[in-house]
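# Structure at a glance
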Amino acid sequence: MVLNLKLIKKSYQTNEGKVPVLNGVSLKLLAGETLALRGESGSGKSTLLHIAGALELPDTGSVKIAGNDISKMDDTGRATVRRRDIAIIFQQFNLIPSLTVASNINFQAKLSGPVDKTQVEKIVSSLGLSDQMGKYPEALSGGQQQRVAIARALVSEPKLLLADEPTGNLDEQSARAVLEQMLKLVAETDTALMVVTHSQNVAARMDKQIQLVGGKLT
C-alpha cells in the first residue's frame, strides 16, 4: 500500500467562520496503480492532493505513505518522507529558469539522495529530452517543459507521484504525448500515480476515477 488515507477531514478558517473542505475522505492507492481525482473548482481536490503529498496535515484522520503515518510525524519527519517517497508535478512547470534542463533534473535528483544514472538517462531518453539537456527552460515549448518537470519528478524514483492538472497548459497533441510518456514511465517503475484533472480524456486513461462532491468521494 503506497497511499492510505482514512477518514480525512479538513476545514479552513475564514471571516465567516470555519469552512469544511474535506469530510471523511478515505482512499487507497497501490504500487503501479493510477487514479484520477475529479471535481468542480473549489471542491477540495488540491487540498486532498496536498494532504496526500505531506504538504498539509488533516484536521483529523490518518495519512500513511509507504507505511509511514505522517499524521503522527513532526515537520522533519514529514520532510524526509516527501523527499524520499513523493514527487509532485504541478500545472505550472516550476522549472528553475537560471538552470539548464540537465541541471533542473539533477537538482531534484541530488535532493533525493543517490540515484541510478542509467535510470536517469532512460527517463530522459523516454521523454525525448536527450537533445535538450543543455537548453534553458525559456527555449523550450510548453510540452517540452512539462516533460522536464516529469523527468525531474521521476528521477528520484518516488513511490508516489502526484500530478495537479499536468496537461492543463498544453495543446491537445502535446497533452496526449506527455500523458502517454508519463503513464509508460509510471508503469515501468511501478509508481503509484494520482492525477487531479478536469479532463475526461486524462481521467479515462487511469485505472480508477473518483470524484469529490461536497467534501466526500463518489
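Check the entry above for the structure.
Presented here is an overview of the structure given in this document.

Rules used throughout
Residues numbered from 1 in each chain as written. Predicted model: local features only at pLDDT ≥ 70, side-chain atom pairs only at ≥ 80, totals over all residues. Heavy atoms only, no water. Helix = DSSP H or I, 4+ residues; strand = E, 2+ residues; numbered from the N terminus. Rg over C-alpha atoms; globule rule 2.2 N^0.38 Å. Buried < 20%, exposed > 50% of the residue type's maximum accessible area, 1.4 Å probe, protein only. Contact = heavy atoms within 4.5 Å. Areas by Shrake-Rupley, 256 points an atom, 1.4 Å probe, with all protein chains shown as cover. Pairing = 2+ DSSP bridges. Axes fitted to C-alpha atoms, helices over the stretch in contact; angles between N-to-C directions. Expected span 1.5 Å × (residues − 1). Core = buried A, V, L, I, M, F, W, Y, C linked by side-chain atoms within 4.5 Å.

## Let's talk about the overall build of the protein chain
The helix and strand tally for the protein chain stands at 7 helices and 10 strands. Relative to the globule expectation of 17 Å for 218 residues, the C-alpha radius of gyration of the protein chain, 17 Å, shows essentially globular dimensions. Referenced to the eigenvectors of the C-alpha coordinate spread, the extents of the protein chain come out at roughly 50 × 35 × 35 Å. By the burial criterion, 48% of the 218 residues in the protein chain qualify as buried. In the protein chain, of all internal contacts separated by at least 6 residues, the share reaching a separation of at least 24 is 72%. Total accessible area computed for the protein chain in this model is approximately 10600 Å², and 48% of it derives from carbon and sulfur atoms.

## A look at the pairing of strand 1 (residues 3-14)
In terms of strand pairing, strand 1 meets strand 2 (residues 17-29) through 10 bridges, oriented antiparallel. Counted as the bridge partner of K10 is L22 from strand 2. Two successive antiparallel strands, strand 1 and strand 2, enclose a turn made up of 2 residues.

## With respect to the sheet that holds strand 10 (residues 216-217)
Strand order across the open sheet formed by 6 strands is 6-7-8-3-9-10, with mixed pairing between neighbours. Of all strands in the sheet, those bounded by a partner on one side alone are strand 6 (86-89) and strand 10. Examined bridge by bridge, strand 3 (residues 34-39) and strand 8 (residues 192-196) share 4 bridges and lie parallel to one another. Within the sheet, the bridge partner assigned to L37 lies in strand 8 and is V196. Contacts from helix 1 (residues 45-52) reach strand 3, strand 6, strand 7 (160-164), strand 8 and strand 9 (208-213) within the one sheet, and its direction differs from that of strand 7 by about 155 degrees. Contacting strand 6 and strand 7, helix 5 (residues 142-154) crosses the sheet at an angle of about 170 degrees to strand 6.

## Here's the deal with helix 5
The end-to-end C-alpha separation of helix 5 is 18 Å, in line with the 18 Å expected for 13 residues at 1.5 Å each. Taking burial as the measure, the 13 residues of helix 5 include 11 buried ones, the bulk of the element. Buried positions along helix 5 lie against strand 6, helix 3 (101-111), helix 4 (117-126), strand 7 and helix 6 (172-189).

## What about the pairing of strand 7?
The side chains of a regular strand alternate between both faces of the sheet. A large share of strand 7 lies buried, amounting to 5 of its 5 residues. Side-chain alternation along strand 7 places L160, L162 and D164 on one buried face and L161 and A163 on a second face that is also buried. In terms of strand pairing, strand 6 meets strand 7 through 4 bridges, oriented parallel. Its bridge partner being in strand 7, I89 is matched across the sheet by A163.

## Comments concerning the nonpolar core
A general feature of soluble globular proteins is that nonpolar side chains tend to end up buried together. Residues I89, I105, L161, M182, L193 and M206 are the most contacted members of the largest nonpolar core, which totals 36 residues. Mapped by element, the contributors of at least two residues to this core are strand 6, helix 3, helix 4, helix 5, strand 7, helix 6, strand 8 and helix 7 (200-204). Looking at this core, the element that brings in the most residues is helix 6, giving 7 residues. The contact partners of I89, leaving out residues within four places of it in the chain, are Q146, A149, I150, A153, L161, L162, A163, D164, P166 and M182. One finds L35, L37, A54 and V63 within the second-largest nonpolar core, a separate group that totals 28 residues.

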